[in-house]
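Residue strings, one per chain:
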Amino acid sequence: MQDKEKMLAAHFDSPGGPENLYVKEVMKPHPREGEVLMKVSASALNRADLLQRRGKYPPPKGASDILGLEAAGIVAGFGPGCKKQWKIGDPVMALLSGGGQAEYVTVPEGHLIPVPNDMSLVQAAAIPEAWLTAFQLLHFVGKVQSGETVLIHAGASGVGTAAVQLARLEGAIPIVTAGTQEKLQMAAKLGAAAGFNYKEEDFSEKVLEFTHGSGVGVILDCIGGSYWEKNISCLSTDGRWVVYGLLTGGEIHGDLLTRLLFKRGSLLTTLLRSREKEYKEQLVKAFTERVLPHFSRNISPSLQPVIDSIYPLHKIGEAHKLMEENKNVGKVIIEMPSSS
């Protein structure tokens, strides 16, 4: 029988491949000042989890070293100083700095989001990190405007599928890149006005064709170095190029600044995990007010989290392998043991 002060969590002893992951019994966290204890039903994978497992993305100072940047579950307890806007048993989802792939996690009270009535906790687990990242990229950083065209790289990823829908919600025109026909079809189904297979065609030429030579107002880029020339080629005058990941590395060979300057382009970079608690609270509040109601089936336009697959916690290594091979369309969910 499991000790009440302990819980199961995803763990790895040394950095490396997915085979290093296993489930370990660890100490259950206790909520500190202003924190809520969540009993986790499900979490979801993010690229940051893969990087952390490889030893390339340590958690921020003071954060849990357990993997997992988002989770959904129920409120299970309160630390001192909570405003008590929640009650025990409330279904919630949360943006985390770490710790989501475990049976319990502590969360700053202001980082919790209510789960819509007609949504399961597994569906809710697909929302916090991907949708808050996409919302941040489009609104807090990229300042997208209605009528602008937005180029979204990795358009069938968790962030990509969220960004397509959020761009549409704002009245912008989303177009995407992806590496398979299946992924492009998913993006189109969600509202992408066009999609380009980066393995088979020059996306910058196709983007310029689509925009009749004017280019796109905003680029959401998680790819990095290898795309820089094509990105600048299809960026409009006064466009914003938002970099939030470096899947192909950050090294650039060529005259980036001159070409950017002549377009009066803005190169913006952002990360969410390392942001201050107050920034995340503002982001959660804005998202809850402006976007969350649209996850209800009764409100048009309605939004939907896209789930690729669901793995039990003890098969987390298989889930990592799937994402590492870029096989997922949408989010990969990690479900906690039902006995917990």
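Residues numbered from 1 in each chain as written. Predicted model: local features only at pLDDT ≥ 70, side-chain atom pairs only at ≥ 80, totals over all residues. Heavy atoms only, no water.

Asker: With reference to specific residues and values, describe the sheet that holds strand S13 (residues 266-269).
Answerer: With parallel pairing, the six strands of this open sheet are ordered in space as S10-S9-S8-S11-S12-S13. Of all the strands in the sheet, the pair left with one neighbour each is strand S10 (194-197) and S13. Each adjacent strand pair in this sheet contributes to an overall mean axis angle of 20°, direction not counted. Alignment of strand S9 (residues 173-178) against S10, held across four bridges, turns out to be parallel. (Pairing = 2+ DSSP bridges. Helix = DSSP H or I, 4+ residues; strand = E, 2+ residues; numbered from the N terminus. Axes fitted to C-alpha atoms, helices over the stretch in contact; angles between N-to-C directions.)

Asker: Summarise the packing of helix H3 (residues 128-141) against helix H9 (residues 277-290); cite the residues concerned and give the values.
Answerer: Axis separation between H3 and H9 bottoms out at 10 Å; the angle between their running directions is 95°. Between H3 and H9, the angle falls in the class roughly perpendicular. Each of Trp131, Leu132, Phe135, Gln136, His139 and Phe140 in H3 lies in contact with H9, whose residues at this interface are Tyr279, Gln282, Leu283, Val284, Ala286, Phe287 and Arg290. Grouping the constituent residues of the contact of H3 with H9 by class yields nine nonpolar, three polar and one charged. (Parallel < 35°, antiparallel > 145°, perpendicular 65-115°, else oblique. Contact = heavy atoms within 4.5 Å. Nonpolar A, V, L, I, M, F, W, Y, C, P; charged D, E, K, R; others polar.)

Asker: Pulling in residues and values, what's your account of the pairing of strand S3 (residues 35-44)?
Answerer: In terms of burial, S3 is largely enclosed, as eight of its 10 residues are buried. Judged from the seven bridges that link them, S3 and strand S4 (residues 70-78) form a sheet pairing that is antiparallel. Note that in S4 the partner of lysine 39 across the bridge is isoleucine 74. Here S3 pairs with strand S15 (residues 331-335) via three bridges, running antiparallel. Residue pairing for S15: alanine 42 is matched across the bridge by glutamate 335. (Buried < 20%, exposed > 50% of the residue type's maximum accessible area, 1.4 Å probe, protein only.)

Asker: Explain the nonpolar core residue by residue, including any values.
Answerer: By size, the foremost hydrophobic cluster in this structure holds 72 residues, and its most contacted members are Trp131, Leu220, Trp241, Phe287 and Phe295. Grouped together as the second largest cluster of nonpolar side chains are 28 residues, Leu21, Val36, Val105 and Ile316 included. (Core = buried A, V, L, I, M, F, W, Y, C linked by side-chain atoms within 4.5 Å.)

Asker: I'd love a proper account of the environment of glutamate 276, names of residues and values included.
Answerer: Tracing the sequence through the fold places glutamate 276 in the loop between S13 and H9. Overall, the relative accessible area of 49% leaves glutamate 276 in the partly exposed class.

Asker: So, the environment of tyrosine 22: which residues are in play, and what are the values?
Answerer: Within the secondary structure, tyrosine 22 sits in strand S2 (residues 21-27). Exposure remark for tyrosine 22: the relative accessible area of 32% places this residue in the partly exposed category. Apart from residues lying up to four places away in sequence, tyrosine 22 is in contact with Ala9, Ala10, His11, Phe12 and Asp13. Within polar-contact distance, the side chain of tyrosine 22 engages the side chain of aspartate 13 at 3.0 Å. (Polar contact = N/O pair within 3.5 Å; in protein donor to acceptor, adjacent residues only side chain to side chain.)

Asker: How would you explain the UniProt feature "domain: Enoyl reductase (ER)" (unreviewed entry) in the protein chain if you had to name every residue and give the values?
Answerer: The positions that UniProt labels "domain: Enoyl reductase (ER)" (unreviewed entry) are, in the present scheme, residues 16-334. Here residues 16-334 is 29% helix and 26% strand, with 20 Å between the C-alpha atoms at its ends. (UniProt positions renumbered as here; feature names shortened; annotations may be inferred.)

Asker: Describe the pattern of salt bridges, listing the residues and the values that go with them.
Answerer: In this structure the tally under the stated criterion is 13 salt bridges. The partner of arginine 53 in a salt bridge is glutamate 324, with the nearest N and O atoms 2.7 Å apart. Remark: glutamate 324 occurs in helix H10 (residues 316-324) and arginine 53 occurs in helix H1 (residues 47-53); sequence separation between them is 271 residues. Using a relative accessible area of 0% as the deciding quantity, one classes arginine 53 as buried. Here glutamate 325 ties to lysine 321 by a salt bridge, and the two come within 3.0 Å at their closest N and O atoms. The exposure class assigned to lysine 321 is partly exposed, which follows from its relative accessible area of 46%. Members of the salt-bridge network, linked through shared partners, are Arg53, Arg54 and Glu324. (Salt bridge = Lys/Arg side-chain N within 4 Å of Asp/Glu carboxyl O.)

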